[in-house]
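Structure assessment
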Amino acid sequence: METPVTGQDLIFVIVNKTTQHKFTVKSAPGFAIAAALFILTFYVQAGGKTPAFFPGITGPYHPVLSIPGSPASKADTVRLKKDSSAQKLPSDTLKNRRDSTVRVDTIRISKDSVDAIIKYHGEDSGVFNISTKELLLYGKATTEYKDLKLEAATIQYNQESQMVKAFGATDSTGDINSKPQFTQGDLKTISDSIFYSLKNQKAYTRNTFLQEGEIFVNARYLKKISADETFAKDARFTTCNLDTPHFAFRSRRMKMINNKLAVTGRVYPEVESVPIPMVFLPFGLFPLNVGRHSGVLFPAFTSSEDYGLGLEGLGYYKTFGDHWDLTTRTNIYSYGGWTLNLNSKYIQRYKYSGNFNVTFQNTKALNRGGLTLDEFTNYKSYMINWSHTRDNRARPGTNFSASVNFGSTKFNQSLLNNPYQNFQNQLSSSISYSKDWNGKFNMSLNLNHNQNSVTKLVNMNLPTANFNVVTFYPFQPKESVGTGKWYEKIGIGYNGNFLNQVSFYDTAFSLRRLLDTIQWGAQHSLPITVSLPPVGPFTLAPSISYEERWYGQTSNKKWNPATKRIDTSITKGFYSSRQMSFGMGINTRIFGTYQFGPKSKIMAIRHEIRPTFSVSYHPDFVAKDFYNLQVDSTGRTVRVSKYDGAVVGPFSEGAFGGISFGVDNLLEMKVRDKNDTSANQKGKKIKLLDGFGFNSSYNLMADSFALGYFSLYARSTLFEKINITAGATLDPYQVDRFGRDTNHILFDPLHFKFGRIVSSNIAISTSITSKSKNGKTDKSKDIPVDPFMTPDEQQRQLQFARANPAEFTDFDIPWSLNFSYSLNFTRIPRADYSGYNTQTFSSANFNGDFSLTPKWKVGATGYYDFSTGKISQISTFISREMHCWQLSINVTPIGLFRTFNVTFSPKNGILRDLRINRTRSFSSTNY
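If you're wondering where the values come from, they're calculated on a predicted model, not measured in any experiment. (Residues numbered from 1 in each chain as written. Predicted model: local features only at pLDDT ≥ 70, side-chain atom pairs only at ≥ 80, totals over all residues. Heavy atoms only, no water.)

This brings us to the overall build of the protein. A count of helical and extended segments in the protein gives 4 helices and 58 strands. For the protein, the residues scored as buried account for 36% of the 927 residues in total. Within the structure as shown, the protein displays about 52800 Å² of accessible surface, and the carbon and sulfur contribution to it stands at 58%. (Helix = DSSP H or I, 4+ residues; strand = E, 2+ residues; numbered from the N terminus. Buried < 20%, exposed > 50% of the residue type's maximum accessible area, 1.4 Å probe, protein only. Areas by Shrake-Rupley, 256 points an atom, 1.4 Å probe, with all protein chains shown as cover.)

The next point concerns the side chain of Asn-341. Tracing the backbone shows Asn-341 in strand β28 (residues 338–348). There is a polar contact of 2.9 Å between the side chain of Asn-341 and the side chain of Asn-357. (Polar contact = N/O pair within 3.5 Å; in protein donor to acceptor, adjacent residues only side chain to side chain.)

As a further point, take the confidence of the model for the protein. Predicted confidence across the protein gives a mean pLDDT of 78, with 79% of residues reaching 70 or more. Low pLDDT, under 50, characterises residues 1–107; the stretch is placed with 166 contacts to residues that sit more than four places away or in other chains. (pLDDT = per-residue confidence, 0-100. Contact = heavy atoms within 4.5 Å.)

This part takes up the packing of aromatic side chains. Summed over all chains, the structure comprises 26 aromatic pairs. An angle of 40 degrees between the planes, with centres 6.2 Å apart, marks the rings of Phe-694 and Phe-710 as tilted. With Phe-694 in strand β44 (residues 684–699) and Phe-710 in strand β45 (residues 710–718), this residue pair connects regions lying 16 residues apart in the sequence. Assessed through its relative accessible area of 27%, Phe-694 is described here as partly exposed. What makes Phe-710 buried here is its relative accessible area of 17%. Ring geometry for Tyr-864 versus Phe-866: centroids 4.7 Å apart, planes at 75 degrees, classification edge-to-face. Classification of Tyr-864 by relative accessible area gives partly exposed; the value is 29%. Here the aromatic cluster, defined as three or more aromatic residues joined through ring pairs, consists of Phe-167, Phe-195, Tyr-204 and Tyr-221. (Phe/Tyr/Trp six-rings, centres within 6.5 Å; stacked < 30°, edge-to-face > 60°.)

In this section: the pairing of strand β17 (residues 215–224). In the sheet, strand β16 (residues 203–212) pairs with β17 via 9 bridges, with the strands oriented antiparallel. What sits directly across from Arg-206, in β17, is Tyr-221. Pairing geometry for β17 and strand β18 (residues 229–238), over 8 bridges, is antiparallel. For Val-217, the partnering residue across the bridge sits in β18 and is Phe-237. Remark: 4 residues form the turn of the hairpin made by β17 and β18, two consecutive strands paired antiparallel. (Pairing = 2+ DSSP bridges.)

This next bit is on unusual backbone geometry. Negative phi characterises most residues that are not glycine, and trans characterises most peptide bonds. Along the chain, Leu-462 connects to Pro-463 via a cis peptide bond; the corresponding omega equals -15 degrees. Structurally, Pro-463 is set in strand β34 (residues 457–472). The phi dihedral of Asp-234 falls on the positive side, at around 55 degrees, and the residue is not glycine. For Asp-234, the position within the fold is in strand β18. Since its relative accessible area comes to 14%, Asp-234 is described here as buried. Backbone geometry at Asn-438 places phi at a positive 55 degrees, although glycine is not the residue there. Note that Asn-438 resides in the loop between β32 (426–437) and β33 (441–452). Asn-438 sits in the exposed class, given a relative accessible area of 75%.

The next subject is the nonpolar core. Counting residues in each nonpolar core, the largest one holds 21 residues, and the members touching the most others are Val-217, Phe-237, Phe-247, Met-254 and Met-256. Every element with two or more residues in this core is listed here: β17, β18 and β19 (247–257). Ignoring any residue separated from it by four or fewer positions in sequence, one finds Val-217 in contact with Thr-208, Phe-209, Leu-210, Arg-236, Phe-237, Met-254 and Met-256. With 18 residues, the next largest nonpolar core counts Leu-135, Ile-155, Tyr-157 and Leu-198 among its residues. (Core = buried A, V, L, I, M, F, W, Y, C linked by side-chain atoms within 4.5 Å.)

For the rest of this paragraph, the subject is the pattern of salt bridges. Applying the stated criterion to the full structure yields 21 salt bridges. Three or more residues joined by partner-sharing salt bridges are found here, namely Arg-589, Arg-606, Glu-608, Arg-610, Asp-664 and Glu-668. (Salt bridge = Lys/Arg side-chain N within 4 Å of Asp/Glu carboxyl O.)

Along the chain, the position of Val-735 falls in strand β47 (residues 733–735). Its relative accessible area of 31% is what places Val-735 among the partly exposed residues. Separated by 10 residues in sequence, Val-735 and Ile-745 have C-alpha atoms that sit 9.8 Å apart. In this view, Val-735 contacts Arg-740, Asp-741, Thr-742 and Arg-756; residues no more than four positions away in its chain are not counted.

For the rest of this paragraph, the subject is the environment of Asn-218. Following the sequence through the fold, Asn-218 ends up in strand β17. Relative accessible area serves as the criterion here: at 12%, Asn-218 is assigned to the buried category. Taking C-alpha positions, Asn-218 is 9.4 Å from Ile-190, a pair spaced 28 residues apart along the chain. A polar atom in the side chain of Asn-218 sits 3.4 Å from the side chain of Asn-207. At 3.0 Å, the side chain of Asn-218 forms a polar contact with the backbone oxygen of Thr-208.

This part covers the pairing of strand β38 (residues 565–587). Side-chain direction in a regular strand flips from residue to residue, so the side chains alternate between the two faces of the sheet. The pairing of strand β37 (residues 539–560) with β38 spans 21 bridges and is antiparallel. Bridge assignment links Lys-557 to a residue of β38, and that residue is Thr-568. From the end of β37 to the start of β38, which pair antiparallel, there are 4 residues, and Lys-564 there has a positive phi angle of about 55 degrees.

Turning to the side chain of Gln-553, a few remarks are in order. By secondary structure assignment, the location of Gln-553 is in strand β37. Within the structure, the side chain of Gln-553 is placed 3.4 Å from the side chain of Gln-519, a separation counted as a polar contact. Setting aside residues no more than four positions away along its own chain, Gln-553 makes contact with Ile-518, Gln-519, Ile-570, Thr-571, Lys-572, Gly-573, Tyr-575 and Tyr-643.

On to the state of the cysteines, then. What the rule picks out here adds up to 0 disulfides. A disulfide-free cysteine, Cys-240 has its sulfur positioned 3.6 Å from the sulfur of Cys-884, the nearest such atom. Residue class for Cys-240 comes out buried when judged on its relative accessible area of 1%. Looking at Cys-884, the relative accessible area reads 6%, which means it is buried. (Disulfide = S-S within 2.5 Å.)

This is the structure:
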């Protein structure tokens, strides 16, 4: 006998003296051997001879065996003819038998056949019962049919009823250690026993565990009525993946629709297998579909001393196809205040993406300051945010982007539980369109806006147009041969800028005042450069530049002796001013290296010096634009320009013919690598100073104040951990009692005086984290990342994470620390020209956390203002990791709003709204 190939018919031919019996068996895997044995037994009992077996004809595959002699398989006897379709006997068998008769017995297809291949495997053994038409597989049995896969210790298949039964095996203690597993499509179950019908694809299971998306379900009885619908009795569902979950929800009845929805009857929770029947819902709806879908957004309860009791975050999420959605949220407070937020996200892959957000606030806060007789303080505010980005592949050569943040100045101050946004005083917007013409010309149109919530001043530039001509070489031939002439390196470019500006105070807005503040201006620049070959170690760069500026108004300031102040008058019109300059720049690079001994940990220190030197001249074309202005009753005067305060600033007065100079430095160190023990190791390079130096100028044509200001700067990343950036502006001259410069150089080395610092800044920041449990040092918060999320959405999500750090705790990092410090110092001239005012801003920020135990973590975030000498903000948190749940406590004892929040919620995203939340807030501001 030859074992047939799966999916082929078998033809068993039994030959005697005068006839051949032909049996065609439509075989299933495993049934072939049983069928062959059955036919052989049948024929031997009938007195036949030894049969010959031949692989048969390929045809439709039907796993059924009909018993010969039954009504469905009676044999027909035909006489062979030349055109008969019956298979002829071999020539050596039918030799000299011209008149022989051949009997052909054909097994017909049974009605109880199935329509696809059944693959099976039994590691221990397989038993086929002819009388009952049953096949039994033992020992890690597997059966596959279409998209169905069944694994169990024992599988029983009844061919007549097409019923499959699967059971587990028990160990020596009687416990089941090999439960049946059923897989069909995305559905996978583990049960004590499984009954499945191949006819209608219905199933019935006992004590079943299955996973639907992120939800784990355990049902005492489970009935599958179709490929997508399943009913369960005595069901328990949870997001905890343990066999005995920490929490679950119990229901007597439940219906599940794959990747769509689960509906339950009366449902109640249980914790550590202890039911809590007094807390129940009449029914439950649990989304199972993956991806975006519309639904209700559940609120969180809060309590505020200023706003009363409230519900925050109540809303609805609605999807409009695959490219657009809308999220509506509202906050409602018992004192009558409310907040409405509409957020829409749109995206067209490979074309554009964006986000539009509008928020309206009706603030009604308890008047605890006693500033007015009213019980409540009521005001309205709004905020508009829009961000848009277009993919460069959509329209090559053009680009459109938008980042709009416009709203009321009081909006940020009245936000609850958002300390970072409470102290945000600056808002800015930008809408930009740009186009490029094959790298030769480019144009951009911009709408800009900025506003200050402290001064209430709003500035809007609409529009700002820029047009540039990329440097081209008019004397360069199209096809150059050999070394080109010097004049072929002459390059000409063009830069044009057109501006419009409107300024107003949002508390005193009117159309008339808006029109009075409209300004416009333009500036044009025509640079001419020459690229010369290096002269030894020096690089020469001659240049000529012509610049012209257009103005839409002039200001005329006069001293009023009656009021003893300066009066200003504005004259509208078209005015222009121009300037021209010539220059020659020289720069080079100097290197120096100091080598250490072979036993030193430091191998070498490398110093690079990059000096720059230039000679320039520009005539005084703008003397007519300056005049003397009396600033006090003593007759003291200052030089001012009639274009002061214009949207395009004035040129500097006077001719300049002098030099500009500067030095930049780079300092690096090479140390030995501890992990490299070779004799010729290359070492590890460390940057000590990324750059430090100065720039200044000297006017050879000036009769006074020839030496210009010194600009000092330094930047470094120490030990690859501490970022330092510093800068200062040094005035080399002494001042009088009014703070005005005198023509005397301030240089006193004995008292370490080298001029006066008129402005300076320094910023220091560092971020230090310990190694995580998996050996990595990167700290990754559990913040979901969407690759198509707009920058504005990412910023708001980051702000939410900062405001609620306990909900985004990484327990894999034992500790972390972030620290930043900034100092800004500047001298600003007074409006009446009587001197200068000094402004200093200094602040420090810190945030960090550390693990008390593997499950407990504490942390804090703070902001200290050195200018006021007060702590502006401190927020602390405590987190407890509980496998599938997380406890977070956020406390803000110092800040614009003092808040206390306790949240106990599942870590899983589906059940995130099933949180136990307690929030209280108190305002530190008297409304």
